[in-house]
Amino acid sequence: MKQMEINDYKGKVKPSWCPGCGNHAVLLALKKAMAELNYQTHETSIVSGIGCSSRFPFFMSTYGFHTIHGRVLPVAIGLKQAKPEINVIAVGGDGDGLSIGGNHFIHAGRKNPNITYIMMDNEIYALTKGQCSPTSRAGTITKCNPYAWTADRINPVLMALSFNASYVARGYSGDVNQLEKLILEGLKHKGFSFIHIISPCVQYNKVTSFEKIKEIIKYLPDNHDMTDKLNAMKYAFAPDGPYTGIFYKVERPTYEERFSEVISKSKQNITEPYTIKDVIKQFQ
Ligand SMILES: Cc1ncc(C[n+]2csc(CCOP(=O)(O)OP(=O)(O)O)c2C)c(N)n1
Ligand SMILES: [Mg+2]
C-alpha cells in the first residue's frame, strides 16, 4: 500500500476560501493527520453540509459528498453503516451543525457512530454573507441586525458532552500543530469524535479575529483527566477560556456494533426461506 503524503490528498479544485480564512489551517491539519494514519483516498469519504466550510470535499482527492444544509450527520452515519470499512469524516460550519442541523448533532452524540465530525466555527453564516449563527455573541452587529444581535450564544463543546459524545475536543485555526493532534486522536477514536474548531472568518466576523482569540485562548492542563466528564464540563464552561485540547475521551459500543448485534439476533429466529408472505402471515 502506498505511503500517503499531504499532497496526495490535494483535490482538483483549489480552495475557494478567502486568503486568511481559518479553514485553510483545518484543511492542512486534516491532511497531515490522514497522512500519518496512511488513509488511502479510495477508502475515505469527506461528507459536508452547506456553507463556506462545507466546500471542503472539493478540495480533497478522497471520495466526497456535499449534501444539503444541516444534513451532514445523517448522511455520514448512513454511509458508515452501509460501508463500515470506509473512513467517514463529516465536516461543516456552526450554522450547518448548530442551527438547521442541531437536532442531528444531538442524536449523533448519543448513537456513537464511528465517524469524526469537524465543526469549523466562525460564529457567522459566511457563505450567505454574514448573518448571525448560534455561536454569534449577543450584541454582534451585521447587515441583518444593524443595532444588535439579541440572543446569547451556545457552547458546542458543552453540548457534545451533554449528548454523551465519546470524544470531544476543541482546537483553534491559529495552532495547526495542536489541530493535527486533536484530529489525529479523533480519527483514531472508535466512536463519535467531535472536534470543535474556532476558525475565524476574515470577511464577515469583525468580533472574533485571530488576534483577539490568540490573546484569550487557553490549553487544558496536561494532567486533565479525559474520562472525567464533570471536569470536562467545568473547563467547557470556564469564563477564562476558551480552553482547547481533548476534553473527554471514553470507549463505549458504537452504533454500527450495536446495530449488527441486533441484526444477528433478529436473524436467529428466522427459518429460511423467509419471504414477505411469511411476514404478512404473522398478522393474519
Ligand atoms: C435548507 C437551507 N436553508 C438555508 C440555506 C442557506 N444557507 C446556505 S449556507 C448557510 C449558513 C452557512 O453557515 P455555516 O454553516 O456557519 O458555514 P460557513 O459559511 O460560515 O462556513 C445558509 C443559511 C440553504 N442552503 N439551505
Ligand atoms: Mg459559520
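What counts, and where the lines are drawn
- Residues numbered from 1 in each chain as written.
- Chains lettered and ligands numbered in written order.
- Predicted model: local features only at pLDDT ≥ 70, side-chain atom pairs only at ≥ 80, totals over all residues.
- Heavy atoms only, no water.
- Buried < 20%, exposed > 50% of the residue type's maximum accessible area, 1.4 Å probe, protein only.
- Helix = DSSP H or I, 4+ residues; strand = E, 2+ residues; numbered from the N terminus.
- Pairing = 2+ DSSP bridges.
- Near = heavy atom within 4 Å.
- Polar contact = N/O pair within 3.5 Å; in protein donor to acceptor, adjacent residues only side chain to side chain.
- Areas by Shrake-Rupley, 256 points an atom, 1.4 Å probe, with all protein chains shown as cover.
- Nonpolar A, V, L, I, M, F, W, Y, C, P; charged D, E, K, R; others polar.
- Axes fitted to C-alpha atoms, helices over the stretch in contact; angles between N-to-C directions.
- Parallel < 35°, antiparallel > 145°, perpendicular 65-115°, else oblique.
- Left-handed = near helix turned anticlockwise from the far one by under 90°.
- Contact = heavy atoms within 4.5 Å.
- Salt bridge = Lys/Arg side-chain N within 4 Å of Asp/Glu carboxyl O.
- Core = buried A, V, L, I, M, F, W, Y, C linked by side-chain atoms within 4.5 Å.

Caption draft 1: Representation of the pairing of strand β6 (residues 193-198) within the structure. Along β6, 6 of the 6 residues are buried, which leaves the element largely enclosed by surrounding structure. Neither face of β6 is exposed, since S193, I195 and I197 on one face and F194, H196 and I198 on the opposite face are all buried. In the sheet, strand β4 (residues 116-121) pairs with β6 via 6 bridges, with the strands oriented parallel. What sits directly across from M120, in β6, is I197.

Caption draft 2: Here's a closer look at the site of ligand 1. C52, S53, D94, G95 and D96 are the nearest of the 16 residues found near ligand 1. One of the backbone nitrogen or oxygen atoms of A126 is found 3.0 Å away from an oxygen atom of ligand 1. L127 places a main-chain nitrogen or oxygen 2.9 Å from an oxygen atom of ligand 1. Out of a free accessible area of 590 Å², ligand 1 has 72% covered by protein chains. When grouped by side-chain class, the residues that make up the shell around ligand 1 number 7 nonpolar, 7 polar and 2 charged.

Caption draft 3: Representation of the environment of A126 in the model. Relative to the assigned elements, A126 resides in the loop between β4 and α5 (156-162). The class for A126 is buried, based on a relative accessible area of 11%. Remark: the alpha-carbon pair of A126 and C201, spanning 75 residues in sequence, is separated by 7.4 Å.

Caption draft 4: Molecular detail of the packing of helix α1 (residues 23-36) against helix α6 (residues 176-188). The interhelical angle for the contact between α1 and α6, taken along N-to-C directions, is 50°, at an axis separation of 8 Å. As judged from the angle between their axes, α1 and α6 are oblique. In the packing of α1 onto α6, the handedness of the crossing is right-handed. Here A25, V26, L28, A29, L30, K32, A33, M34 and E36 of α1 come into contact with α6, specifically with V176, N177, L179, E180, I183, L184 and L187.

Caption draft 5: Structural view of the sheet that holds β6. Spatially, 8 strands are ordered β2-β1-β3-β4-β6-β5-β8-β7 in an open sheet, and the strand pairing comes out mixed. Two strands in the sheet have a free side with no partner beyond their single neighbour: β2 (63-66) and β7 (218-219). Sheet topology places strand β1 (residues 44-48) next to β2; 4 bridges connect them, and they run parallel. Across the sheet, the residue bridging to I46 is G64, located in β2. Strand contacts of helix α2 (residues 72-82): β1, β2, β3 (87-93) and β4, with the helix running at about 180° to β3, the strand carrying the most contacts. Sheet strands in contact with α6 are β3, β4, β5 (167-172), β6, β7 and β8 (243-249), and its direction is about 160° off that of β5.

Caption draft 6: View of the pattern of salt bridges. If you walk through the whole model with that rule in mind, you get 7 salt bridges. A salt bridge links E85 to K83, with the shortest nitrogen-to-oxygen separation between them at 3.4 Å. Judged by relative accessible area, E85 falls into the exposed class, the value being 52%.

Caption draft 7: View of the nonpolar core. Judged by nonpolar contacts, the single largest core of 32 residues is most densely connected at L73, F105, Y117, V168, F192, F194 and F247. Contributions of two or more residues to this core are made by α2, β3, α4 (102-111), β4, α5, α8 (229-237) and β8. Here the element with the most residues in this core is α5; it accounts for 5 residues. Non-local contacts of Y117, meaning those with residues more than four positions away in its chain, are made with V72, L73, A90, V91, G92, G93, G97, F105, F192, S193, F194 and I195.

Caption draft 8: Representation of the environment of Y172. In this fold, Y172 is placed in strand β5. Along the sequence, Y172 and P200 sit 28 residues apart, while their C-alpha atoms lie 8.7 Å from each other. In this structure Y172 touches Q178, L179, I197, I198, F210, I213, K214, I217 and T244, once residues within four positions along its chain are discounted.

Caption draft 9: Layout of unusual backbone geometry. For the bond from G241 to P242, the omega torsion is 10°, close enough to zero to count as cis. Looking at the secondary structure, you find P242 in the loop between α8 and β8. Non-glycine residue N38 carries a positive phi angle of around 55°. Note on placement: N38 falls in the loop between α1 and β1. A positive phi angle, near 60°, is found at E123, a position not held by glycine. With respect to the helices and strands, the residue E123 is situated in the loop between β4 and α5. The exposure class assigned to E123 is buried, which follows from its relative accessible area of 5%.

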